[in-house]
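Spelled out, the chains give:
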Amino acid sequence: MDSPRIALLLPNISSLKPSARDAFLEELDKRCPETAFVMSELDACGDYKSLKFIKLPKISGQDEALKVCFSTALTMDIDKVITFESMSTYNAGWFLPYLNAGNVIESRKRNFREMLASELINFISFNNAYNFFSMNRIFTYEAVAVLANSTLGKKTFLTDSINLLNSHSIRTTEIIRKNTGKNKKRPLNTKELASVVLRNASKNSAFYSIVTVMTYIANIIILYLGLSLGLIYPVAIFLGGELSGVSNFIVNEKINFKNKGFISSAYKFGRFNVLLMIPIALELLFLDVLSRYAKAIGAGLFFSIFAVSVAAVSIASFLMINRFIWAKKTHTKVYI
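Since we're looking at a predicted model, the values are computed, not measured.

The next thing to look at is the overall build of the chain. Per the secondary structure count, the chain includes eleven helices and eight strands. Against the compact-globule benchmark of 20 Å for 336 residues, the chain has a radius of gyration of 25 Å, which places it well outside the compact range. Overall size of the chain, expressed as C-alpha extent along the three principal axes, is 85 × 45 × 35 Å. Counting all 336 residues of the chain, 48% fall into the buried class. For the chain, restricting intrachain contacts to residue pairs at least 6 apart in sequence, the fraction spanning at least 24 positions comes to 72%. Carbon and sulfur atoms form 64% of the exposed surface of the chain, whose accessible area is close to 17,000 Å². Taking the average location of the 39 positive side-chain charges in the chain and that of its 25 negative ones, the two points are 7 Å from each other.

As structure tokens, then:
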């Protein structure tokens, strides 16, 4: 396969010390197999065999500069656009093994704030990305065309971009390097991290939350109705979990996410029901253990403890089903 035409986005390279900048560019020039277009605020500098410089206007803000770079790349018949986590010699050739792999993110270990923000974003937007904040990225022409015309925020551009590409069914592969140190230098503060999480919420997220709360309430109501009708605890638990779970699936699959097709929905429902059996089994197991001490703890405390256990298992079920059933499938994680 021929090497793709690549553009290297280095909008802030002039902020480096001249010695560090020259060392980085020399390493790039040495590693790039063919011509690579360097987009930055620099004029052509040095005698490089592979690097061709495209000067950009001075722009304040890294993410706004990225948008300008993307727009410029679209006019140049570029196949891949590459950004860098750091402009250091050890990171100069990070992209070379992945040039023919489509859209790529290379992630290192997350720090606590990255982990918390990434998992919250995953939760409310049904993603499965490991690290939304890595800047070692390869964008295909298709992705660049979407991002160049986006109206995403400045500080949150790269973070929001994953969701935007997902919404256009554009696939991304995330390469996670397990044996690397954490990069502590991040452009987002706590307030901005909160803004990122909120920006990634959608009406699907809100409706899903409402449906989940209603499912939990339905589960409790069906459980107590079953008990009041004389059903034994295991049967009442099974009916409560199954009926509320089935209603949850139908509402989300056909109304919230508007997924079409009987076969695909039936397959998904099969997996959904298998996962649903796990919390139901846990509830039955806990009930069996709790019932042995029912006389000792009294009826009031028994029902209180059981209600809390139902809530805890429902939350665990919610998180599990959210990740394995409703999460979007356009983001693939690979651990190396």
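Contact pair helix α8 (residues 233–256) / helix α9 (residues 262–291): the axes reach a minimum separation of 9 Å and the direction vectors enclose 150°. With respect to α9, the axis of α8 lies roughly antiparallel. Crossing of α8 against α9: the hand is right-handed. Contacts between α8 and α9 involve Y233, P234, I237, F238, G241, E242, G245, V246, N248, F249, E253 and K254 from the first element and S265, K268, F269, F272, N273, L276, M277, I280, E283, L284 and L287 from the second.

A separate point is the confidence of the model for the chain. Keep in mind that low pLDDT regions are not for reading the predicted coordinates in detail. Per-residue pLDDT for the chain has a mean of 83; in total, 93% of the residues score no lower than 70. Predicted confidence in the chain is weakest over helix α6 (residues 190–199), with a mean pLDDT of 76, and strongest over strand β6 (residues 137–140), with 96.

Now for α6. Within α6, the full set of buried residues consists of E192, L193, V196 and V197. Considered in projection along α6, the buried side chains sweep an arc of 145° and stay on one side of the axis. Relative to its buried face, α6 has exposed residues pointing more than 90 degrees away, namely K191 and L198.

The rules behind the values
Residues numbered from 1 in each chain as written. Predicted model: local features only at pLDDT ≥ 70, side-chain atom pairs only at ≥ 80, totals over all residues. Heavy atoms only, no water. Helix = DSSP H or I, 4+ residues; strand = E, 2+ residues; numbered from the N terminus. Rg over C-alpha atoms; globule rule 2.2 N^0.38 Å. Buried < 20%, exposed > 50% of the residue type's maximum accessible area, 1.4 Å probe, protein only. Contact = heavy atoms within 4.5 Å. Areas by Shrake-Rupley, 256 points an atom, 1.4 Å probe, with all protein chains shown as cover. Lys, Arg positive; Asp, Glu negative; His and termini not counted. Charge placed at Lys NZ, Arg CZ, Asp CG, Glu CD. Axes fitted to C-alpha atoms, helices over the stretch in contact; angles between N-to-C directions. Parallel < 35°, antiparallel > 145°, perpendicular 65-115°, else oblique. Left-handed = near helix turned anticlockwise from the far one by under 90°. pLDDT = per-residue confidence, 0-100. Arc of directions from axis to C-beta.

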